[in-house]
Amino acid sequence: MARRRTLLTAGFGLAAGFVTTACDGSDARWVAPSASPTSAARLTVTPAADAKDVSPAGPVVIVVESGTLQSVAVTTGTKTVAGSFDSEQRTWRSTGALAYNKTYSVTVTAVDAAGLALAHTSSFTTVKPTATAGVTFQANSFLVLKTGGTYGVGQPVCVNFGRPVKDHDAAEQAMTVETEPAVEGRWRWIDNQNAHWRPARYWTPGTKITVQVNVLGVHLGGGVYGASNASTNFVIGRSQIAKADASTHRMLVYIDGAKVRDIPVSLGKKGTTKTADGKTINYETTCGVHVLLNKEPKVQMSSGSYGVTNSADPNYYDEEVKLCCRITRSGEFVHLADWTSSLRAQGNSNVSHGCINVGPDHAQW
């Protein structure tokens, strides 16, 4: 028996657990059992196991060969990422959004044609931004664009980022503008947080515009990533264009190409003044195309807004003005001006401090 125990000990050292002995003293024999069958199913998991700095914009995709998927779970903490199988249950693709700076666990079960199961578990980690920039759509610097709203033929597409964008090219590649009918246009950055897209000419009335800003997972420079994707749409209404001429002192208004009103006006006077800090102020109304920004029943207008604060200065003013249509961010308006109307300047001379002055009836209209 001692000899047999020695043989058993040696046997365990060679092939633990797979030993038989002859208790009747006959020769002992070593028998290896048959290996467990292996599933023929093969998995491809994207993102790969232990992947780092994964973009949350990309989907999680599970593909099985020589089998079908039985279950897929992609989770982080207590949250599960939504997804769906294809019709043959050989591919699963996430439909829910991933988040920044998260570790996701992927658990998959598949079976082959013989019903043999294959299990898989892995994890990956999404990128950690220094900061994220949200996106809003503006009608202009004063008003948010209303999705589904109607806007004028001069309305640009205005995208505002919540943080400065250093990589303008990366942002532009993530932004698309589709129009019906199709027109060509281009982006222009007003500053590092505001990009405008406009066509080469006025919109055609009835044009439908759809804007997509797919910046989730996009590095916008300096460690800043897009916070989430955003979209909007709007339609162009009838054409309403007013042309003010400083030389004729008239403003002609056209609706859908037809002239509907001829308004006597007084524009910005010639000349400049200097403020206390040495800044030069030009009083001529700015030339070029202006887009109506908003309409305000009353505005407190003061020369102090641009540095003229001495009440003895002939260019000083501080008064409430009515029926104001703002045409520039800097403070040019088309507005009611009783004082230039009584002076008969409207239609004859330019005497304003930069705004377009009109009489009561025209201002109300």
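Residues numbered from 1 in each chain as written. Predicted model: local features only at pLDDT ≥ 70, side-chain atom pairs only at ≥ 80, totals over all residues. Heavy atoms only, no water.

Would you take a moment to explain the nonpolar core for this structure?
Taken as a class, soluble globular proteins show a tendency for nonpolar side chains to be buried jointly. Membership of the largest hydrophobic core comes to 33 residues, with the highest contact counts inside it found for V157, V159, F161 and M175. Discounting chain neighbours no more than four positions away, the residues touching F161 are G134, V135, A171, M175, W189, Q193, V215 and L220. Counting 18 residues, the second largest nonpolar core, distinct from the first, contains A41, V45, V64 and L98. (Core = buried A, V, L, I, M, F, W, Y, C linked by side-chain atoms within 4.5 Å. Buried < 20%, exposed > 50% of the residue type's maximum accessible area, 1.4 Å probe, protein only. Contact = heavy atoms within 4.5 Å.)

What am I meant to see in unusual backbone geometry here?
Trans is the prevailing form of peptide bonds, just as negative phi is the prevailing case for residues other than glycine. Following T46, the chain continues to P47 via a peptide bond in cis, the omega torsion being 5°. The topology assignment puts P47 in the loop between β1 (42–46) and β2 (61–65). Residue P181 is bonded to the preceding E180 through a cis peptide linkage, with omega at 5°. Inspection of the secondary structure assignment puts P181 in the loop between β13 (175–180) and β14 (185–191). Phi at D50 takes a positive value of approximately 65°, unusual for a residue other than glycine. Even without a glycine there, the phi angle at D53 is positive, about 55°. Turning to its location among the elements, D53 is positioned in the loop between β1 and β2. (Helix = DSSP H or I, 4+ residues; strand = E, 2+ residues; numbered from the N terminus.)

Can you walk me through the packing of aromatic side chains in this structure?
Here the distance between the centres and the angle between the planes together describe a pair of aromatic rings. Summed over all chains, the structure comprises 7 aromatic pairs. With a centroid separation of 6.1 Å and 75° between ring planes, the pair formed by Y283 and Y306 is classed as edge-to-face. Taken together, the residues Y283 in the loop between β23 (280–282) and β24 (294–302) and Y306 in the loop between β24 and β25 (318–326) connect sequence positions 23 residues apart. Like Y306, Y283 is buried. The rings of Y283, Y306 and Y317 are connected pair by pair, giving a single aromatic cluster. Positioned over the ring face of Y254 is K243, at 5.6 Å from the centre of the ring. Positioned above the aromatic ring of Y283, the side-chain terminus of K269 is 5.1 Å from the ring centre. (Phe/Tyr/Trp six-rings, centres within 6.5 Å; stacked < 30°, edge-to-face > 60°. Lys NZ or Arg CZ within 6 Å of the ring centre and 35° of its normal.)

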